[in-house]
Amino acid sequence: MLEIRNTLVSLDLIEQFFCCDLDACLGECCIEGDAGAPITRAEYDKLKEILPAVWDDLLPAAQRVIEESGVGYIDSDGDLVTSIVDGKNCVFTCYGKNGMCYCAIEKAYREGRIDFYKPISCHLYPVRITDYPDFSAVNYHKWKICKAAQVLGRKKGIRLYQFLAGPLTRRFGKEWYDELCAACEAYLEQYDE
């Protein structure tokens, strides 16, 4: 583990190669799992606020779930998460050609219709953050559906912490990310000698 300010960062972020390969996985992380994506209370409120802007991009089944249950719920672990359809699909999932899964929130953001990119847990994936009273743990969630991303990351020479530069900076700030990069580079230099 690396200690960066008030975080403990798994060495997996340095040692693992990673680069999403949507052509291979088709965005499966948005449609598989046993609960929705973790969200904060502020994100829950933001999702309700932006809902009209993304509504027409949502699947009819997702619209029904939101009408009946809202944009989020408390899961079996007591965490606030996005609502899901049929026990797996995030309600904000939409589909493109060839069955490619997209995030309706990110789509609307990229089209300039909203000012919210997407929940930070989605942006950070496959990294998961666990907040404790005195620190946050930053861990890599290894999952078989991301095997293609590991292969592509290795091929391109992109390590997990590099691939997630934007989301890690969004969550912890530029100074924190710069410190992480320095620690990662120092760690990797040990193996180059």
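Everything below is about the structure shown above.
Attention in this report is confined to the structure presented alongside it. Small disclaimer: the values here were computed from a predicted structure and weren't measured.

## Structural notes on the overall build of the chain
From N to C terminus, the chain includes 10 helices and 10 strands. Relative to the 2.2 N^0.38 estimate, which gives 16 Å for 193 residues, the radius of gyration of the chain is 17 Å and therefore close to what a compact globule would have. Within the chain, contacts between residues at least 6 apart in sequence are counted, and of these 65% link residues at least 24 apart. Total accessible area on the chain stands at roughly 10600 Å², and carbon and sulfur atoms take up 49% of it. One way to put it: in the chain the 22 positive side-chain charges average out to a point 5 Å from where the 31 negative ones average out.

## Let's talk about the nonpolar core
Counting residues in hydrophobic clusters, the biggest one holds 27 residues, and the most contacted among them are V9, L13, Y161, L168, W176 and L180. Contributions of two or more residues to this core are made by β1 (2–4), α1 (12–15), α6 (120–124), β10 (136–140), α8 (160–163), α9 (165–172) and α10 (174–192). Considering each element in turn, this core owes the most residues, seven residues, to α10. Ignoring sequence-local partners within four residues, the contact set of Y161 consists of L13, I14, L168, Y177, L180, C181, C184, E185 and L188. If you look at the next biggest cluster of nonpolar residues, it comprises 23 residues, including I39, V65, F92 and F116.

## Some words on the environment of Y73
For Y73, the location among the structural elements is in strand β3 (residues 72–74). For the pair Y73 and I39, spaced 34 residues apart in sequence, the C-alpha separation works out to 9.7 Å.

## Quick look at the pattern of salt bridges
Overall, the coordinates contain 14 salt bridges when judged by the stated rule. One salt bridge in this structure joins E111 and K107, with 3.2 Å as the shortest N-O distance. Among the residues examined, E111 registers a relative accessible area of 45% and is labelled partly exposed. For K107, a relative accessible area of 31% puts it in the partly exposed group. Between R113 and E111 there is a salt bridge whose closest N-O contact spans 2.8 Å. Connected through salt bridges with shared partners, the residues D57, K107, E111 and R113 form a single ionic network.

## Thoughts on the packing of aromatic side chains
Tallying each qualifying case throughout the model produces six aromatic pairs. Relative to Y140, the ring of F18 has its centre 6.2 Å away and its plane inclined at 80°; by these criteria the two rings are edge-to-face. Of the two residues, F18 sits in the loop between α1 and α2 (22–25) while Y140 sits in strand β10, which places them 122 residues apart along the sequence. The same class applies to F18 as to Y140, namely buried. By the ring-pair criterion, three or more aromatic residues cluster together here, those being F18, Y140 and F163.

## Re the sheet that holds β10
Hydrogen bonds along the backbone pair up the strands of a sheet, which may run parallel or antiparallel. Taken in spatial order, the four strands of this open sheet run β1-β2-β10-β9, and their pairing is mixed. Two strands close off the open sheet at either side, each with one partner strand: β1 and β9 (127–131). Across the sheet, the axes of successive neighbouring strands diverge by a mean angle of 25°, strand direction being ignored. Where β9 lies against β10, five bridges are found, and the strand directions are antiparallel. Looking at the pairing, R128 lines up with N139 of β10.

Procedures and definitions
- Residues numbered from 1 in each chain as written.
- Predicted model: local features only at pLDDT ≥ 70, side-chain atom pairs only at ≥ 80, totals over all residues.
- Heavy atoms only, no water.
- Helix = DSSP H or I, 4+ residues; strand = E, 2+ residues; numbered from the N terminus.
- Rg over C-alpha atoms; globule rule 2.2 N^0.38 Å.
- Contact = heavy atoms within 4.5 Å.
- Areas by Shrake-Rupley, 256 points an atom, 1.4 Å probe, with all protein chains shown as cover.
- Lys, Arg positive; Asp, Glu negative; His and termini not counted.
- Charge placed at Lys NZ, Arg CZ, Asp CG, Glu CD.
- Core = buried A, V, L, I, M, F, W, Y, C linked by side-chain atoms within 4.5 Å.
- Buried < 20%, exposed > 50% of the residue type's maximum accessible area, 1.4 Å probe, protein only.
- Salt bridge = Lys/Arg side-chain N within 4 Å of Asp/Glu carboxyl O.
- Phe/Tyr/Trp six-rings, centres within 6.5 Å; stacked < 30°, edge-to-face > 60°.
- Pairing = 2+ DSSP bridges.
- Axes fitted to C-alpha atoms, helices over the stretch in contact; angles between N-to-C directions.

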